[in-house]
Amino acid sequence: MSSRVDLLALRKWRAGRAWATNVVLCALGFGLLGLARQMVSEDDHFTMGFSGVSGWSAILYIAAVVVVLTQPSNRWTFRIIVAFAVLARLATLFADPFLSSDIYRYVWDGVVQHAHISPYRYAPGNAALTFLREPNQEIFNNINRRDYARTIYPPVAQMIYFGVTWISPTVEMMKTAMVGFECLTCGALIALLRKLGRPREQVLLYAWCPLLVWEIGDAGHIDAAVIAFVVLALLFRAHGNNVLTGLFLGLAVMTKFYPLVLVPALYRRGDWKIPAMVAAVAAVGYAVYSSAGMLVFGFLGGYTEEEGMATGVRYFLLQWVQGLRGLHRVSTGMYYVACGLVFGAIIVWAWRHATVEGPARGGAEPAFLKAAMMLAFALMLLFSPHYAWYIAWLIPFFALAPNVPVLAYVMGFFYLFTTALADPGPKMFLLNEILYGGMAVAFAVEFGLQKLGMYRWLGLEVGDGRWENGSVVSHKS
């Protein structure tokens, strides 16, 4: 009887007019669009500072998330979401990238390949590539580490660079291609949301995220392709197509290596098609560029040294533990062991719950999706990246399974790394203390919301149903 009363209360609480939702979303959309334009303007006309733009963007985005998850919608709601997502990208697409210069390396690698030279063989500043500089001088002048670092990007990323620069060897074309990957991501997310029994309007959680507008719309990071491949892998895993799951996961890994952590979550017990396809994509990719020999692994070793991965200085949690009384002798190796135990625990859970056929345990949300999000989130928390584009791949998981910790981490990271604290050393340590302290609060809030049943009361619980034959069958129907 109480559940009946709760359901009636929920319907009464949610009763409203969709036009009000649309009006509020339009207001928030115009605000986010204006801030996207302001972000571009801040490059040469200081008005409110990047931290001011990011802070207000985070507030408006969180408000839009709450609105779209809790309020009624109609056919115009989705159109409003798409329109403002497109306009925000257009506001940054044709501006010169200034948040990061990585995109210039993308274009250069494509240009080098069109000259029939392996991008892995020479650093851009090598005399062997002098003849390519004059026709691409602006590109060359803006490449970071150009005098000593060969490219770090894996084979599929290089194939993308080759294809894009075949059309046009320009930054604008590369940024357009990355936004194109975002369109692919949104399409796959909508299909997966439908599979989960969730409204397509929930794609706003990805499409309106200001971090993506900055790091893909403006900076044009290749992570847009990684995200698209990961979401397609999740979509085909939900459909039970292991070959295509492995194919797209392999493409993601060979664009940037970090999605490799998802293999245990997407693997289906007794069926090795997924890991076999990932291995096959890697083998074919490296075979294509094998003329460079061992140089095919590029600047990977140098990058790990630059980022302090070998010494452990980049890992906030390790530094924090070393600062505790009696624990200053904790080594980087011990930290890696601890990380291995964390990943091992998640993998064991995944192999017990997410790799078997049949209904997902704990509700309609397929267990493989939860396992994948846990592994991706753990990787970010344990390895504490210093660049916002590295955490961008968490946003599709948030769009599929909204939760407080991921939202707090992404928005907290987005804001804090635009402040004066984003300076390696004591300031960045304080930044991470604030960020990880906030994460502790976020996990506590999430626990409380789950225990109190607030997600179910608000109608936000993805698991409010059962997973049968790869689709959600709602208990409320």
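Position numbers for residues start from 1 in each chain and track the written sequence from start to end. Per-residue local features of the predicted model are confined to residues with pLDDT of at least 70, and side-chain atom pairs are confined, for both listing and counting, to 80 or more; whole-chain, interface and lining totals are unaffected and use all residues. The basis for the side-chain values is all heavy atoms of the structure; hydrogens and waters are excluded.

1. Focus: the pattern of salt bridges
Logical step 1: Basic side-chain nitrogens of Lys or Arg form a salt bridge, by our definition, when they fall within 4 Å of a carboxyl oxygen of Asp or Glu. Taken as a whole, this structure holds four salt bridges when the rule is applied.
Logical step 2: Across the pair Glu201 and Arg200 runs a salt bridge, and its minimum N-O distance is 3.9 Å.
Logical step 3: For Glu201, a relative accessible area of 8% translates into the label buried.
Logical step 4: Here Lys256 makes a salt bridge to Asp223, at a shortest N to O gap of 3.0 Å. With Lys256 in the loop between helix 12 (242-253) and helix 13 (263-266) and Asp223 in helix 11 (residues 223-238), this pair connects stretches of sequence that are 33 residues apart. Remark: exposure states derive from per-residue accessible area (1.4 Å probe, protein chains only) relative to the maximum for the residue type, with buried under 20%, exposed over 50%, and partly exposed in between. Think of it this way: any DSSP run of H or I at least four residues long counts as a helix, any run of E at least two long counts as a strand, and we number them from the N terminus.

2. Remarks on the nonpolar core
Logical step 1: Definition of nonpolar core: a set of buried residues of the types Ala, Val, Leu, Ile, Met, Phe, Trp, Tyr and Cys, connected through side-chain atoms within 4.5 Å. Grouped together as the largest cluster of nonpolar side chains are 148 residues, with contacts concentrated most on Trp208, Leu211, Leu234, Trp393, Leu394, Phe397 and Tyr409.
Logical step 2: With residues up to four places along the chain from it excluded, the contact list for Phe397 reads Val230, Leu234, Leu262, Leu369, Ala372, Met373 and Ala376. In what follows, a contact means two residues having at least one pair of non-hydrogen atoms within 4.5 Å.

3. Side note on the environment of Gly52
Logical step 1: Structurally, Gly52 can be placed in helix 3 (residues 49-70).
Logical step 2: Separated by 17 residues in the primary sequence, Gly52 and Leu35 place their C-alpha atoms 9.5 Å from one another.

4. Let's talk about the packing of aromatic side chains
Logical step 1: Aromatic pairs are defined between Phe, Tyr and Trp rings, using the six-membered ring for Trp, whenever the two ring centres lie within 6.5 Å; interplanar angles under 30 degrees are classed as stacked, those over 60 as edge-to-face, and all others as tilted. In this structure the tally under the stated criterion is 30 aromatic pairs.
Logical step 2: Ring geometry for Phe84 versus Trp208: centroids 5.9 Å apart, planes at 80 degrees, classification edge-to-face. Here Trp208 lies in the loop between helix 9 (204-207) and helix 10 (210-218) and Phe84 lies in helix 4 (residues 75-93), a separation of 124 residues in the sequence. Here Phe84 and Trp208 have matching classes, each one buried.
Logical step 3: In textbook terms, an aromatic cluster arises when at least three aromatic residues are bridged by ring pairs, as seen for Phe377, Tyr409, Phe413, Phe417 and Phe443.
Logical step 4: Comment: the charge-over-ring label is applied if NZ (Lys) or CZ (Arg) is within 6 Å of the ring centre and within 35 degrees of the ring normal. Directly above the aromatic system of Trp76 lies the positively charged group of Arg79, at a separation of 4.5 Å from the ring centroid.
Logical step 5: Directly above the ring of Phe78 sits Arg200, whose terminal nitrogen or CZ lies 4.1 Å from the centroid.

5. Observations regarding unusual backbone geometry
Logical step 1: Positioned with a positive phi, Arg145 is a non-glycine residue whose angle comes to about 60 degrees.
Logical step 2: Arg145 gets classed as partly exposed once you look at its relative accessible area, which sits at 25%.
Logical step 3: Phi at Ser384 takes a positive value of approximately 35 degrees, unusual for a residue other than glycine.
Logical step 4: Tracing the sequence through the fold places Ser384 in the loop between helix 18 (367-383) and helix 19 (394-400).

6. Describing helix 21 (residues 426-452)
At 3.6 residues per turn, the α-helix brings residues three or four places apart onto the same side.
Logical step 1: Its 27 residues place the ends of helix 21 39 Å apart at the C-alpha level, agreeing with the 39 Å of an ideal helix rising 1.5 Å per residue.
Logical step 2: Of all the positions in helix 21, only Met428, Leu431, Asn432, Leu435, Tyr436, Met439, Ala442 and Glu446 are classed as buried.
Logical step 3: Just downstream of helix 21, Gly453 is the residue with a positive phi angle, here 70 degrees. The length a helix should cover is 1.5 Å for every residue beyond the first.

7. Describing the side chain of Glu182
Logical step 1: Position of Glu182 among the secondary structure elements: in helix 8 (residues 171-195).
Logical step 2: Since its relative accessible area comes to 3%, Glu182 is described here as buried.
Logical step 3: If sequence neighbours within four positions are ignored, Glu182 has contacts with Arg89, Tyr206, Leu212, Ile216 and Ala224.

8. Examining a negative patch on the surface
Logical step 1: For patch detection, residues must exceed 30% relative accessible area and be free of salt bridges, and they are connected within 9 Å for like charges or within 5 Å for nonpolar side chains (Val, Leu, Ile, Met, Phe, Trp, Tyr). Using a 1.4 Å probe, accessible areas were evaluated by the Shrake-Rupley method; residue-level cover was limited to the displayed protein chains. None of His or the chain ends enter the tally, which takes Lys and Arg as positive and Asp and Glu as negative. Here the site of a charge means atom NZ of a Lys, CZ of an Arg, CG of an Asp or CD of a Glu. On the surface, Asp43, Asp44, Asp96, Glu138 and Glu172 cluster together into a negatively charged patch.
Logical step 2: Tracing the sequence through the fold places Glu138 in helix 6 (residues 137-141).

9. Here we look at a nonpolar patch on the surface
Logical step 1: A contiguous nonpolar surface patch, about 440 Å² in accessible area, is contributed by Val82, Val86, Leu87, Leu90 and Phe94.
Logical step 2: Within the fold, Leu87 resides in helix 4.

10. Here's the deal with the confidence of the model for the chain
Logical step 1: Per-residue confidence for the chain gives a mean pLDDT of 88, with 87% of residues at or over 70.
Logical step 2: Model confidence for the chain, summarised as mean pLDDT per element, is weakest for strand 1 (residues 465-468) at 41 and strongest for helix 9 at 98.
Logical step 3: Below pLDDT 50 for its whole length, residues 357-364 participates in 18 contacts with residues either more than four positions away or in separate chains. Confidence scores here are pLDDT values: one per residue, from the predictor, ranging 0 to 100.

11. Side note on the packing of helix 7 (residues 155-167) against helix 8
Logical step 1: Between the N-to-C directions of two axes lies an angle of 0 to 180 degrees, each axis being a line fitted to C-alpha atoms and, for a helix, fitted only over the stretch in contact. Running from N to C, helix 7 and helix 8 point in directions that differ by 125 degrees, and their axes come no closer than 9 Å. Considering the angle they form, helix 7 stands oblique to helix 8. For the element pair helix 7 and helix 8, the recorded crossing hand is right-handed. In contact with Ile160, Tyr161, Val164, Thr165 and Ile167 of helix 7, helix 8 contributes Met173, Met174, Ala177, Met178 and Phe181.
Logical step 2: In the scheme used here, Gly and all other residues not listed as nonpolar or charged are polar, with Ala, Val, Leu, Ile, Met, Phe, Trp, Tyr, Cys and Pro taken as nonpolar and Asp, Glu, Lys and Arg as charged. Considered class by class, the residues forming the contact of helix 7 with helix 8 number nine nonpolar, one polar and no charged. Roughly parallel means an angle under 35 degrees; roughly antiparallel, over 145; roughly perpendicular, 65 to 115; everything else is oblique. We call a crossing left-handed when the near helix sits turned anticlockwise from the far one by less than a right angle, and right-handed when that turn is clockwise.

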